[in-house]
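If you want the building blocks of each chain, they are given just below.
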Amino acid sequence: GAGQDVGRSCILVSIAGKNVMLDCGMHMGYNDDRRFPDFSYITQNGRLTDFLDCVIISHFHLDHCGALPYFSEMVGYDGPIYMTHPTKAICPILLEDYRKITVDKKGETNFFTSQMIKDCMKKVVAVHLHQTVQVDEELEIKAYYAGHVLGAAMFQIKVGCESVVYTGDYNMTPDRHLGAAWIDKCRPDLLISESTYATTIRDSKRCRERDFLKKVHETVERGGKVLIPVFALGRAQELCILLETFWERMNLKAPIYFSTGLTEKANHYYKLFITWTNQKIRKTFVQRNMFEFKHIKAFDRAFADNPGPMVVFATPGMLHAGQSLQIFRKWAGNEKNMVIMPGYCVQGTVGHKILSGQRKLEMEGRQILEVKMQVEYMSFSAHADAKGIMQLIRQAEPRNVLLVHGEAKKMEFLKQKIEQEFHVSCFMPANGETTTILTNPCIPVDISLGLLKRETAIGPSADAKKPKLMHGSLLMKDNSFRLVSPEQALKELGLAEHQLRFTCRVHIQDPRKEHETVLRVYNHLKGILKDYSVQHLPDGSITVESILIQATAHSEDQGTKVLLVSWTYQDEELGSYLTSLLKKGLPQSTP
Amino acid sequence: FFQYCLSGHPTLPCNVLKFKSTTIMLDCGLDMTSTLNFLPLPLVQSPRLSKLPGWVLKDGSTFLDKELKECSGHVFVDSVPEFCLPETELLDLSTVDVILISNYHCMMALPYITEYTGFTGTVYATEPTVQIGRLLMEELVNSIERVPKAQSASMWKNKEVQRLLPAPLKDAVEVSMWRKCYTMPEVNSALSKIQLVGYSQKIELFGAVQVTPLSSGYALGSSNWIIQSHYEKVSYVSGSSLLTTHPQPMDQASLKNSDVLILTGLTQIPTANPDGMVGEFCSNLAMTVRNGGNVLVPCYPSGVIYDLLECLYQYIDSAGLSNVPFYFISPVANSSLEFSQIFAEWLCHNKQTKVYLPEPPFPHAELIQTNKLKHYPSIHGDFSNDFKQPCVVFTGHPSLRFGDVVHFMELWGKSSLNTVIFTEPDFSYLDALAPYQPLAMKCVYCPIDTRLNFIQVSKLLKEVQPLHVVCPEQYTQPPPTQSHRTDLMVECQPPAMSYRRAEVLTLPYKRRYEKIEIMPDLADSLVPLEIKPGISLATVSAVLHTKDNKHVLQLPPKPPQPPASKKRKRVSEDVPECKSLKPLLSGSIPVDQFVQTLEKHGFSDVKVEDTAKGHIVLLQEAETLIQLEEDSTHIICDNDEPLRVKLRDLVLKFLQKF
């Protein structure tokens, strides 16, 4: 899911033999089989548990976790599911809400039950930010702050030195209640990024906020009602903080309501998970908890018919069902009223229809609803815009990028931009497509300290810039790789060294006495081989490093001396050099 | 590997570890027992304290009577209380790269280290540790600064004078190192050097060392630390608990396979059972209140107080205490209670589940809501209006030397109806009470120390099996007051290495391997040979690159090929630059096959002679002989380089290279 599409995020990653499923969402635009991902892509026959090493949920939005109980309890998966603490806390509540709307209101059967949600949540392991979770010996995952909603996280998945980062949904600019997404320069082989706003560069947040407040204020001043359809958690809290402070500052009296149920509870979550909000809120929460609202009261269904101005936050956010849709129907006919859509609407929803300019809506029972109220769209959804996506790529420095959770046309544009600016490959597979990315993993090996020390000890004395050549033996046994000195390798394998020695006879014309010849050879060599240890031993032989040179008189010709040059294979270069040097004879001795 | 021990207090440790190329300070504990030698700092002038007689030497000299006061046979310094700092002379503390904090009690000396030693590194601690540590420091600074004391005594510290003083002043150590409390700007500056970390977060230090905090189960955000490279692992266990109180349980599994385990912060009251103590606390409290008396609980503003409030929450209705007011007085009382509710991720499972509902994890939220528990920043202001007796007061400091507790000791000390209940284990209650004697009020000692006891330690060590244990010397012998209790010490094999203040230990450690990475193109070029079943070997000649303590092996650069058109330069004209490494050889040469090979290569006059150890192969025309033995080959020839090279290569074909 989420391939060139927004909805039912579900991505399967195979990395170094491990299979990880990223998110398990539902699609809000469908009511049939297409609302859930097609899990038969993972395996046709065989249990999902055997095939998947783990499942990771990035945040609590239903398009990222809505199919989870179906997946784990109805299709069947018993392995670990990872999510952050706030996600673990909030996710089951949204799932239950979703189930209620689907089963109790729309009367669907063959849907997951409350018990299934509970059983599913038992499989969830909560993770801390930046905690390295060892899923098994090789596979590790780590969560980073994503700032999209409370508890939203990006995940790094790592096996050996190969890694993938999945962003989930993220926001690169801090808002009134959450901080900005952050990741270190972890250089993943692949970055899977959302791209909801692939082509948008949003104006400054301040402007949008001012605009929003102005519109609300104007409507209320002329006695109109403002409906703001929201999802219970996320934007709702941001906009509440915004209105609360505005009401306080302007001393406004018109009531603000928050549709009951979920939302009251939601504010509670924000209070308890305040460490996940932004710096400012965290710092001041002891003096004043930003999620305790003075001006915002719980909504009752009957209030909708009250005369006079009011502002109502109602769920759900895309006007596709529930209380927000009910209020919308009541208020749509009056041009004094206003509906403000603060976020993205999926195709097929009422929200999407009115945003695309439709003013006559066909409701259930063929009823036609004429929309006279003002319709405003204001992007408050906390997704990164094009600038933000580029910024994240700059932060993480991935070798490849893969775009999901966006529209194909927009992705295409962003893909080109990414490839141009970062010179990395960028992919945008459609649902059901597989993208293969070749990695170039290096191989970690254990090196014996003796060998390493020997190498680094030679190092600094010689020219530091010159590469240090090292020689060792790589022992491979089972899965362990050890690089040791050749001597140690022989010893460990119980093998003896085979010594290969060469002795060359070099004839030199020199009528002098043997020991004089030797002295001449010694001086000659000493003069040329300045960097080597050349020694004249008491027994009349010469050594150059470990090469031995002895002189004997020729048995037949007294004017010729025979030099025996003897070296082992390890001194091959020097030995060979010495023989050819001596072959050229000795220089005329200077008197 | 060295360990520098800067603190002699086993539960307030301060050690510095030299590990690979890094210098790591483990904790920064501040020994506050030194304050017991000082007179209490009363918020309101106390006629009793100000009338105490000056101390007079045996010979009648009175030159110290301004500095030292006598109270019920004990002598106290009449000055601003001072603390015993960690050793600062043992090594240059500006070389410390990082400081790892295990819990909020073990960071109280941090400003002294970060602000006065030239320290430029980073401090690592969890978020609750930092937040609550800040509260503890704030309370400390506040309770000392708000009682400005004109006098600062120093004459008694003179070595010659100190010798003449009665115990315990006479035996106080390092008095010249005692320091006054830091200030809030210093606290803020110190805390700004902290980087927040989460449990199981791997933090790389200079590419050489990785440090990881693990849950230690003792307090909110308390951690043990793993300090490791690829091959050596040091576990630092400090202030851990296996009891289920409010914090996340201790992570024991990750301590396995340690080469060295440094063990500090065990329980200070090994003979007391915390559960029993809580029971006694509740019953003594109820009894006093029922008899119309007040209860004073000297405590820290965070930690055990949460558990005590939770117990009382369950207890007060059944004990008929519903109408008794509970007061929590501290400049940070409100913050502490608020902060405790927002660290869901650092709490035990039960409390986490409550947050998921969503409900506050600690029931003191309900106590506050129902007005049973009230908190005040100090005894001034609102408190004096609300104050009703009999009541229960939680306030600091547990040393009874400063903070609002001094006021209540003076207020309630004269009545035997009242009770002071000691729950914090850091100070001897008798010493704490000494300047208040004679005292009519009842004293109950219920120390609650949830840290590991010796039975749990021996279980833990059996479980995680470290190669070596290092601990403060106090843990290697029974407590001095109970020398027969040989069960009250750390027992392990090999025996634990002990340390004491100002000592440097060499940790038993032998490294044998290091991690290195082989680049993919080099790996492709390797040719592994199976030497023995299951064991393959490849010789590697490669270029070693070392950067940021990470080693990488790359393909050696190809030697620059001289252009073919130019006259080939004879290699032998240049002196070989350095010893180019040739592989070692192994194997043996079968003489028959060798001869066949020679013949195949055009040697027609090969003659073989047997010798004692092998064979001699003679090439008659070339006047060359080749001695073949089990483990050696010797080629003796005239100076005919092409011939020698040809023979060499033929021999090498029979041998394996290493």
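Residues numbered from 1 in each chain as written. Chains lettered and ligands numbered in written order. Predicted model: local features only at pLDDT ≥ 70, side-chain atom pairs only at ≥ 80, totals over all residues. Heavy atoms only, no water.

- As recorded by an unreviewed UniProt entry, chain B carries the name Integrator complex subunit 9 and is attributed to Regulus satrapa.
- Database annotation for chain B, UniProt heading Sequence similarities (unreviewed entry): "Belongs to the metallo-beta-lactamase superfamily. RNA-metabolizing metallo-beta-lactamase-like family. INTS9 subfamily." (UniProt positions renumbered as here; feature names shortened; annotations may be inferred.)

- As named in an unreviewed UniProt entry, chain A is Integrator complex subunit 11, taken from Regulus satrapa.
- According to its UniProt record, chain A has this under Cofactor (unreviewed entry): "Zn(2+)".
- What UniProt records for chain A under Sequence similarities (unreviewed entry) is the sentence "Belongs to the metallo-beta-lactamase superfamily. RNA-metabolizing metallo-beta-lactamase-like family. INTS11 subfamily."

**Things to note about the overall build of chain A**
Now for step 1: The helix and strand inventory of chain A stands at 17 helices and 28 strands.
Now for step 2: In terms of overall size, chain A is more extended than a compact globule, its C-alpha atoms giving a radius of gyration of 38 Å where 591 residues would be expected to give roughly 25 Å.
Now for step 3: In terms of overall dimensions, chain A has C-alpha extents of about 130 × 55 × 45 Å along its principal axes.
Now for step 4: Per-residue burial for chain A yields a buried fraction of 57% across its 591 residues.
Now for step 5: Contacts in chain A between residues at least 24 apart in sequence constitute 70% of all its contacts with a sequence separation of at least 6.
Now for step 6: Distance between charge centroids for chain A: 7 Å, based on 72 positive and 67 negative side chains. (Helix = DSSP H or I, 4+ residues; strand = E, 2+ residues; numbered from the N terminus. Rg over C-alpha atoms; globule rule 2.2 N^0.38 Å. Buried < 20%, exposed > 50% of the residue type's maximum accessible area, 1.4 Å probe, protein only. Contact = heavy atoms within 4.5 Å. Lys, Arg positive; Asp, Glu negative; His and termini not counted. Charge placed at Lys NZ, Arg CZ, Asp CG, Glu CD.)

**Some remarks on the sheet that holds strand β12 (residues 256–259) of chain A**
Residue and element names in this part refer to chain A.
Now for step 1: Here we have six strands laid out as an open sheet, ordered β13-β12-β14-β11-β15-β18, and parallel in their pairing. Edge positions in the sheet fall to β13 (296–299) and β18 (374–377), since each of these pairs with one other strand and no more. Within this sheet the neighbouring strands show an average axis-to-axis angle of 25°, counted without direction.
Now for step 2: The sheet contact formed by β12 and strand β14 (residues 310–314) spans three bridges and is parallel. From the neighbouring strand, Phe 258 faces β14, where its bridge partner is Phe 313.
Now for step 3: Here helix α6 (residues 205–221) sits on the sheet in contact with β11 (225–229), β14, β15 (338–341) and β18, set at roughly 140° to β11. (Pairing = 2+ DSSP bridges. Axes fitted to C-alpha atoms, helices over the stretch in contact; angles between N-to-C directions.)

**Side note on the packing of α6(A) against helix α7 (residues 235–250) of chain A**
Residue and element names in this part refer to chain A.
Now for step 1: Between α6 and α7, the least distance of the axes is 11 Å, while the angle of their chain directions is 60°. It follows from the interaxial angle that α6 and α7 lie oblique. With respect to the hand of their crossing, α6 and α7 are arranged in right-handed fashion. Contacts between α6 and α7 involve Lys 205, Glu 209, Phe 212, Leu 213, Val 216, His 217 and Val 220 from the first element and Glu 238, Leu 239, Leu 242, Leu 243, Phe 246, Trp 247 and Met 250 from the second. (Parallel < 35°, antiparallel > 145°, perpendicular 65-115°, else oblique. Left-handed = near helix turned anticlockwise from the far one by under 90°.)

**Side note on the domain arrangement of chain B**
Now for step 1: Taken domain by domain, chain B holds domain 1 (2–31 + 92–151 + 175–267 + 452–506), domain 2 (274–445) and domain 3 (585–657).
Now for step 2: Each of domain 1 of chain B and domain 3 of chain B has a C-alpha centre, and the two are 68 Å apart. (Domains from an automatic or database assignment.)

**What to know about the packing of aromatic side chains**
Now for step 1: Throughout the structure, instances matching the rule amount to 38 aromatic pairs over all chains.
Now for step 2: Taking 6.2 Å as the distance between ring centres and 55° as the angle between the ring planes, the aromatic pair formed by Phe246(A) and Trp247(A) counts as tilted.
Now for step 3: Among the aromatic residues, those joined into a cluster by ring pairs are Phe36(A), Phe39(A), Tyr70(A), Phe71(A), Tyr77(A), Tyr98(A), Phe111(A) and Phe112(A).
Now for step 4: The ring centre of Phe36(A) lies 5.5 Å from the NZ or CZ of Arg35(A), which sits over that ring.
Now for step 5: Residue placement shows Arg644(B) over the ring face of Phe502(A); its charged tip is 4.7 Å from the ring centre. (Phe/Tyr/Trp six-rings, centres within 6.5 Å; stacked < 30°, edge-to-face > 60°. Lys NZ or Arg CZ within 6 Å of the ring centre and 35° of its normal.)

**Points about the UniProt feature "domain: Beta-Casp" (unreviewed entry) in chain B**
Now for step 1: When the UniProt feature table is mapped onto this chain, "domain: Beta-Casp" (unreviewed entry) is found at residues 305–433 of chain B.
Now for step 2: Across residues 305–433 of chain B one finds 40% helix and 12% strand; the C-alpha atoms that close the span lie 21 Å apart.

**Focus on the domain arrangement of chain A**
Now for step 1: Domain assignment breaks chain A into domain 1 (11–201 + 382–427), domain 2 (205–377), domain 3 (446–458 + 467–493) and domain 4 (501–584).
Now for step 2: Each of domain 1 of chain A and domain 3 of chain A has a C-alpha centre, and these two points are 43 Å apart.

**Focus: the interface of chain B and chain A**
Now for step 1: Tallying the contact residues gives 93 residues for chain B and 90 residues for chain A.
Now for step 2: With both sides pooled, the region where chain B packs onto chain A buries about 8,200 Å², and carbon together with sulfur makes up 59% of that total.
Now for step 3: Ranking the residues of chain B by area buried against chain A places Glu345(B), Tyr356(B) and Asn639(B) at the top, with a combined share of 10%.
Now for step 4: The interface formed by chain B and chain A holds five salt bridges in total.
Now for step 5: Two residues, Arg648(B) and Glu572(A), come together in a salt bridge whose shortest N-O distance is 2.1 Å.
Now for step 6: At the junction of chain B and chain A, the tally comes to 36 residue pairs in polar contact (both at pLDDT 80 or more).
Now for step 7: With ten residues, strand β27 (residues 535–547) of chain B is the largest single contributor of residues to the side of chain B that touches chain A.
Now for step 8: Looking at the side of chain B that touches chain A residue by residue, the class counts come to 47 nonpolar, 21 polar and 25 charged.
Now for step 9: Sheet topology places strand β21 (residues 443–448) of chain A next to strand β25 (residues 513–518) of chain B; six bridges connect them, and they run antiparallel. (Buried area = accessible area lost by both parts, 1.4 Å probe. Salt bridge = Lys/Arg side-chain N within 4 Å of Asp/Glu carboxyl O. Polar contact = N/O pair within 3.5 Å; in protein donor to acceptor, adjacent residues only side chain to side chain. Nonpolar A, V, L, I, M, F, W, Y, C, P; charged D, E, K, R; others polar.)

**Here's the deal with the nonpolar core**
Now for step 1: Core analysis: the biggest nonpolar cluster contains 273 residues, and Phe212(A), Phe328(A) and Phe394(B) have the highest contact counts within it.
Now for step 2: Here Phe328(A) is in contact with Leu227(A), Leu319(A), Val339(A), Val350(A), Ile354(A), Leu361(A), Leu369(A), Val371(A) and Met373(A), once residues within four sequence places are set aside.
Now for step 3: Counting residues in each nonpolar core, the second largest holds 47 residues, with Ile542(A), Ala551(A), Leu628(B) and Cys637(B) among its members. (Core = buried A, V, L, I, M, F, W, Y, C linked by side-chain atoms within 4.5 Å.)

**Regarding the pattern of salt bridges**
Now for step 1: Per the counting criterion, the structure on display carries 50 salt bridges over all chains.
Now for step 2: The residue Glu248(A) makes a salt bridge to Lys294(A) at a minimum N-O spacing of 3.5 Å. With Glu248(A) in helix α7 and Lys294(A) in the loop between α9 (279–284) and β13, this pair connects stretches of sequence that are 46 residues apart.
Now for step 3: The exposure class assigned to Glu248(A) is partly exposed, which follows from its relative accessible area of 41%.
Now for step 4: Here Lys20(B) makes a salt bridge to Glu514(B), at a shortest N to O gap of 3.3 Å. Of this pair, Lys20(B) sits in the loop between β2 (15–19) and β3 (22–26) while Glu514(B) sits in strand β25, and the two are 494 residues apart along the sequence.

**So, the side chain of Gln3(B)**
Residues and elements named next belong to chain B.
Now for step 1: Counting through the fold element by element, Gln 3 comes out in strand β1 (residues 2–5).
Now for step 2: Exposure remark for Gln 3: the relative accessible area of 0% places this residue in the buried category.
Now for step 3: A polar atom in the side chain of Gln 3 sits 3.3 Å from the side chain of Asn 15.

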